[in-house]
Amino acid sequence: SIAISVDFRAVLPPVRDQGARPTCLAHAASAAHEHARGTSDTLSPEYLHHFASAGTKGATIPNTATALRLQGQPLECKCPYQPDGPPADWTPPQAFTVFRRRSTAADATFDIVAALTNGKAPVLGLSLPRPFYRPNSPWVIS
């Protein structure tokens, strides 16, 4: 069994269904941003993804950090998430308040246990190689 020493379920928003879009980083960063702001206001992952992906299919952690610092995020009610994706020529509306956040890039010495213990909600990225999606026996679970 796993001993839980820090449980953020009561202070982080629930995990959202992003549909088939590559917006997982925008959703995770939005949740961490909401937590850092200390409010229950839902921020727009759609807006963040637009600026962090910069015309590509997905976003990177550095681009997401830059978008949070420069463009920020409005409340989601001002720029709702579109599970099927926005039209190709879509740009987010601009006439509203945005909330910006500076991020700190971590390196191999980052102490995640200390961050969690101190109430921080870090955003971690994992790269999954192609073989992960085609496991060999005995790792195939029905």
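Residues numbered from 1 in each chain as written. Predicted model: local features only at pLDDT ≥ 70, side-chain atom pairs only at ≥ 80, totals over all residues. Heavy atoms only, no water.

Chemist: What's the story with the pattern of salt bridges in this structure? I'm lost.
Modeler: Charged atoms that come close allow side chains of opposite charge to pair. Counted by the stated rule, this structure contains 4 salt bridges. Put simply, Arg 9 and Asp 7 hold a salt bridge, and the shortest N to O gap is 2.5 Å. In this structure Arg 9 comes out as exposed when scored by relative accessible area, which is 65%. Of the charged contacts in the structure, one is a salt bridge between Arg 37 and Asp 41, with a shortest N-O distance of 3.8 Å. (Salt bridge = Lys/Arg side-chain N within 4 Å of Asp/Glu carboxyl O. Buried < 20%, exposed > 50% of the residue type's maximum accessible area, 1.4 Å probe, protein only.)

Chemist: Would you take a moment to explain the nonpolar core for this structure?
Modeler: Of all hydrophobic cores here, the largest spans 6 residues; its members are Ala 26, Ala 29, Leu 48, Ala 52, Ala 67 and Leu 68. Secondary-structure elements contributing two or more residues to this core are α1 (24-37), α2 (45-53) and α3 (61-70). With residues near it in sequence (within four places) discarded, Ala 67 still touches Leu 48, Phe 51, Ala 52 and Gly 72. Tyr 47, Cys 79, Phe 96 and Val 98 belong to the second-largest nonpolar core, a separate cluster that totals 5 residues. (Core = buried A, V, L, I, M, F, W, Y, C linked by side-chain atoms within 4.5 Å. Helix = DSSP H or I, 4+ residues; strand = E, 2+ residues; numbered from the N terminus. Contact = heavy atoms within 4.5 Å.)

Chemist: Just checking my understanding: could you explain the environment of Gly 38 for this structure?
Modeler: Locating Gly 38 in the fold gives a position in the loop between α1 and α2. It is 18 Å that separates the C-alpha atoms of Gly 38 and Cys 77, two residues lying 39 residues apart in sequence.

Chemist: Where do I start with the packing of aromatic side chains in this structure?
Modeler: Geometry of an aromatic ring pair is reported as the spacing of the ring centres plus the angle between the planes. A full pass over the atoms with the stated rule returns 3 aromatic pairs. Arranged with centres 5.4 Å apart and planes meeting at 90 degrees, the rings of Phe 132 and Tyr 133 form a pair that is edge-to-face. Taken together, the aromatic side chains of Tyr 47, Phe 51 and Phe 96 make up a single cluster linked through ring pairs. Above the ring of Phe 99, the side-chain terminus of Arg 37 is found at 3.8 Å from the ring centroid. (Phe/Tyr/Trp six-rings, centres within 6.5 Å; stacked < 30°, edge-to-face > 60°. Lys NZ or Arg CZ within 6 Å of the ring centre and 35° of its normal.)

Chemist: Would you mind going over α1 with me for this structure?
Modeler: For the α-helix, the turn length of 3.6 residues means that residues three or four positions removed from each other point alike. In this model α1 runs 20 Å from its N-terminal to its C-terminal C-alpha over 14 residues, within 8% of the 20 Å that 1.5 Å per residue would give. Where burial is concerned, most of α1 is hidden: 10 out of the 14 residues are buried. Along α1, the positions that sit buried rather than exposed are Leu 25, Ala 26, His 27, Ala 29, Ser 30, Ala 31, Ala 32, His 33, Glu 34 and His 35. Here the buried face of α1 lies against α2 and α3. (Expected span 1.5 Å × (residues − 1).)

Chemist: How should the packing of α2 against α3 be read in this particular structure?
Modeler: α3 packs onto α2 with a crossing angle of 120 degrees between their chain directions and a minimal axis gap of 8 Å. Considered as vectors, α2 and α3 are oriented oblique to each other. The crossing of α2 and α3 is right-handed. Of the residues in α3, those in contact with Leu 48, Phe 51 and Ala 52 of α2 are Asn 63, Thr 64, Ala 67 and Leu 68. Of the residues assigned to the contact of α2 with α3, the class counts are 5 nonpolar, 2 polar and no charged. (Axes fitted to C-alpha atoms, helices over the stretch in contact; angles between N-to-C directions. Parallel < 35°, antiparallel > 145°, perpendicular 65-115°, else oblique. Left-handed = near helix turned anticlockwise from the far one by under 90°. Nonpolar A, V, L, I, M, F, W, Y, C, P; charged D, E, K, R; others polar.)

Chemist: I tried to follow α2 on my own but got confused; where do I start?
Modeler: Burial within α2 is extensive, with 7 of its 9 residues counted as buried. Next to the buried residues of α2 lie α1 and α3. Directly beyond the C-terminal end of α2, a positive phi value near 45 degrees is found at Ala 54.

Chemist: Would you mind showing me how to read the environment of Leu 43 here?
Modeler: With respect to the helices, strands and loops of the structure, Leu 43 is situated in the loop between α1 and α2. For the pair Leu 43 and Ser 103, spaced 60 residues apart in sequence, the C-alpha to C-alpha distance is 16 Å. Setting aside anything within four residues of it in sequence, one finds Leu 43 in contact with Arg 16, Ser 30, His 33, Glu 34, Arg 37, Gln 73, Pro 74, Leu 75, Glu 76 and Phe 99.

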